[in-house]
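# Working through the structure, step by step
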Amino acid sequence: MATQRTLSIIKPDAVAKNAIGEIYTRFEKAGLKIVAAKMMHLSREKAEGFYAEHKERPFFGDLVGFMISGPVMVQTLEGEDAIAKNRDLMGATNPKEAEPGTIRADFAESIDANAVHGSDAPASAEREIAYFFTNDEICPR
Ligand code: RTP
Ligand code: MG
């Protein structure tokens with residue numbers, strides 16, 4: 001499996017819990033490098049555009065409302081099989097179903113406030129990284 005990049009967001013609930021460092025440690029211990037990062041308080045338009053694939057879903061309004069409820073930490077992760085590796089570290093979307101030891105099992109409260117986002121495929125990773133970072137903001141090494 002080749003080196004990949006994926007887009008990760010530490011959501012407002014986990015930022016509010018002061019868990020950025022613990023979550024970064026999990027990425028780094030798993031061999032994922034943080035090659036770009038920024039803290040942002042998303043506008044409604046930015047959050048709606050990010051989750052545009054879910055626009056018609058009944059939970060879309062709540063999802064956007066939650067994502068703009070406080071600052072988020074946005075990062076590009078790089079490493080072997082980074083997309084699947086990050087999804088494994090995150091655990092299931094619903095923290096009640098997340099494996100023990102995953103980020104969502106340890107930090108998430110509910111399916112709505114579920115601590116982290118991670119790209120789910122190469123095409124979405126490419127789109128999502130470009131949605132937040134210009135090429136010169138990414139520092140591979
Ligand atoms: P994410 O995009 O945030 O990484 O999460 P995911 O891939 O695990 O889940 P996805 O299906 O893409 O859904 C995006 C976010 O919408 C909320 N959601 N709520 N109430 C529900 O049935 C429901 N389903 C999804 C979750 O907060 C999920 O992270
Ligand atoms: Mg998703």
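As the structure is a prediction and not an experimental result, all values here were calculated from the model.

The rules behind the values
Residues numbered from 1 in each chain as written. Chains lettered and ligands numbered in written order. Predicted model: local features only at pLDDT ≥ 70, side-chain atom pairs only at ≥ 80, totals over all residues. Heavy atoms only, no water. Near = heavy atom within 4 Å. Polar contact = N/O pair within 3.5 Å; in protein donor to acceptor, adjacent residues only side chain to side chain. Areas by Shrake-Rupley, 256 points an atom, 1.4 Å probe, with all protein chains shown as cover. 1 Å grid on protein atoms, 1.4 Å probe; cavity = no way out; pocket = protein on both sides within 12 Å on 5 of 7 lines; lining within 4 Å. Sits in = over half its atoms within 2 Å of the grid points. Pairing = 2+ DSSP bridges. Helix = DSSP H or I, 4+ residues; strand = E, 2+ residues; numbered from the N terminus. Axes fitted to C-alpha atoms, helices over the stretch in contact; angles between N-to-C directions. Contact = heavy atoms within 4.5 Å.

### Some details on the site of ligand 1
If you check the shell around ligand 1, you find 14 residues, and the closest are Lys-11, Tyr-51, Thr-93, Ile-111 and His-117. Between ligand 1 and His-54 there is a distance of 2.9 Å, counted from an oxygen atom to a side-chain nitrogen or oxygen. At 2.6 Å from an oxygen atom of ligand 1 is found a main-chain nitrogen or oxygen belonging to Ile-111. Relative to its unbound accessible area of 570 Å², ligand 1 is 80% covered by the protein chains. At a threshold of 2 Å from the grid points, most atoms of ligand 1 map onto the largest pocket.

### So, the sheet that holds strand S3 (residues 72-80)
A sheet is described by the order of its strands in space; here 4 strands give the open sequence S2-S3-S1-S4, paired in antiparallel fashion. Either end of the sheet is taken by a strand with one partner, and the two such strands are strand S2 (33-40) and strand S4 (116-118). Across this sheet, the average inter-strand angle for adjacent strands is 20°, counted without regard to direction. Bridge count between strand S1 (residues 3-10) and S4: 3 bridges; the pairing is antiparallel. Counterpart to Ser-8 in the pairing with S4 is Gly-118. Running at roughly 35° to S1, helix H5 (residues 82-90) makes contact with S1, S3 and S4 of the sheet.

### Things to note about the environment of Pro-71
Inspection of the secondary structure puts Pro-71 in the loop between helix H4 (60-67) and S3. Expressed as a C-alpha distance, the spacing of Pro-71 and Ile-10, which sit 61 residues apart in the sequence, is 9.1 Å. When sequence neighbours within four positions are dropped, the list of residues in contact with Pro-71 reads Lys-11, Pro-12, Val-15, Met-39, Met-40 and His-41.

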